[in-house]
Amino acid sequence: MLKVVLLVFLSMLSVSFCYGKGSISAQKISRVAFQTGGFFLYAEGGRWNSPGECSNSDAIVLLSSDRNYDKAYSLLLAAYMSGKAISAYSDGCTTFDGKTYSTIRGFKYLVVY
């Protein structure tokens, strides 16, 4: 019985660690902005899909603390300037002005179309 309870508890923990992660589908970038903590990308269609519980989906954020920030920033800026769509991988949320936004990784599944 103890093994069953422990197994259920551990499976619940693993779900909470994975929560809020997932793909952000391809969209064109309509505008960009530097805000506290990162590079904000706004979707041409008005909304990015948010795999997590982030409260705002009109922008996604490449955090300035991302270990690949400089390369990802260059790639995203080139995509914006050339009118290309991007898709990304979100691994959480960040807060700005009381709203939460999906954060994207600068090194995993960041694709320009």
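Let me begin by describing the structure that accompanies this report. (Residues numbered from 1 in each chain as written. Predicted model: local features only at pLDDT ≥ 70, side-chain atom pairs only at ≥ 80, totals over all residues. Heavy atoms only, no water.)

## A closer look at the overall build of the protein
Along the protein, the regular secondary structure elements total two helices and six strands. Helices (α) and strands (β) of the protein occur, in sequence order from the N terminus, as α-β-β-β-α-β-β-β. Buried residues in the protein amount to 36% of all 113 residues. When contacts within the protein are restricted to residue pairs at least 6 apart in sequence, those whose partners lie at least 24 apart make up 60%. Within the structure as shown, the protein displays about 6800 Å² of accessible surface, and the carbon and sulfur contribution to it stands at 59%. (Helix = DSSP H or I, 4+ residues; strand = E, 2+ residues; numbered from the N terminus. Buried < 20%, exposed > 50% of the residue type's maximum accessible area, 1.4 Å probe, protein only. Contact = heavy atoms within 4.5 Å. Areas by Shrake-Rupley, 256 points an atom, 1.4 Å probe, with all protein chains shown as cover.)

## Focus: the pattern of salt bridges
Working definition: two side chains of opposite charge can pair if their charged atoms are close together. Summed over the entire model, instances satisfying the criterion amount to one salt bridge. Close ionic contact of Asp91 with Arg105 constitutes a salt bridge, the shortest N to O distance being 2.9 Å. With Asp91 in strand β4 (residues 85-96) and Arg105 in the loop between β5 (99-104) and β6 (111-112), this residue pair connects regions lying 14 residues apart in the sequence. Under the relative-accessibility criterion, Asp91 is labelled partly exposed at 31%. (Salt bridge = Lys/Arg side-chain N within 4 Å of Asp/Glu carboxyl O.)

## A closer look at the pairing of β4
Examined bridge by bridge, strand β1 (residues 22-35) and β4 share five bridges and lie antiparallel to one another. Bridging from a neighbouring strand, Gln27 pairs with Ile86 of β4. Examined bridge by bridge, β4 and β5 share six bridges and lie antiparallel to one another. Its bridge partner being in β5, Ser90 is matched across the sheet by Ile104. Following β4, the chain reverses through two residues before pairing antiparallel with β5; Asp97 in that reversal takes a positive phi of roughly 50°. (Pairing = 2+ DSSP bridges.)

## Let's talk about the packing of aromatic side chains
Under the definition given, this model contains seven aromatic pairs. Residues Phe34 and Tyr73 carry aromatic rings whose centres are separated by 5.6 Å and whose planes lie at 35° to one another, so their mutual orientation is tilted. With Phe34 in strand β1 and Tyr73 in helix α2 (residues 69-82), this pair connects stretches of sequence that are 39 residues apart. Look at Tyr73 and you get partly exposed, because its relative accessible area is 21%. Where Tyr69 meets Tyr73, the ring centres are 6.1 Å apart and the plane angle is 15°; that geometry is what we call stacked. You can see Tyr69 and its partner Tyr73 sitting in helix α2, four residues apart, about one turn around the helix. Here the aromatic cluster, defined as three or more aromatic residues joined through ring pairs, consists of Phe34, Phe39, Tyr69 and Tyr73. Looking at Arg31, its charged tip hangs above the ring of Tyr42, at a distance of 3.8 Å from the centre. Stacked on the ring of Tyr89, the Lys or Arg Lys108 has its end atom at 4.8 Å from the ring centre. (Phe/Tyr/Trp six-rings, centres within 6.5 Å; stacked < 30°, edge-to-face > 60°. Lys NZ or Arg CZ within 6 Å of the ring centre and 35° of its normal.)

## Focus: the nonpolar core
The biggest cluster of nonpolar side chains holds 16 residues, and the ones touching the most others in it are Leu41, Trp48, Ile60, Leu62, Leu76, Ile86 and Ile104. Only β1, β2 (38-43), β3 (56-63), α2 and β4 provide two or more residues apiece to this core. Broken down by element, the residue count for this core peaks at four residues, all from α2. Core analysis: the next-biggest nonpolar cluster, separate from the first, contains seven residues, Phe40, Val61, Phe96 and Tyr101 among them. (Core = buried A, V, L, I, M, F, W, Y, C linked by side-chain atoms within 4.5 Å.)

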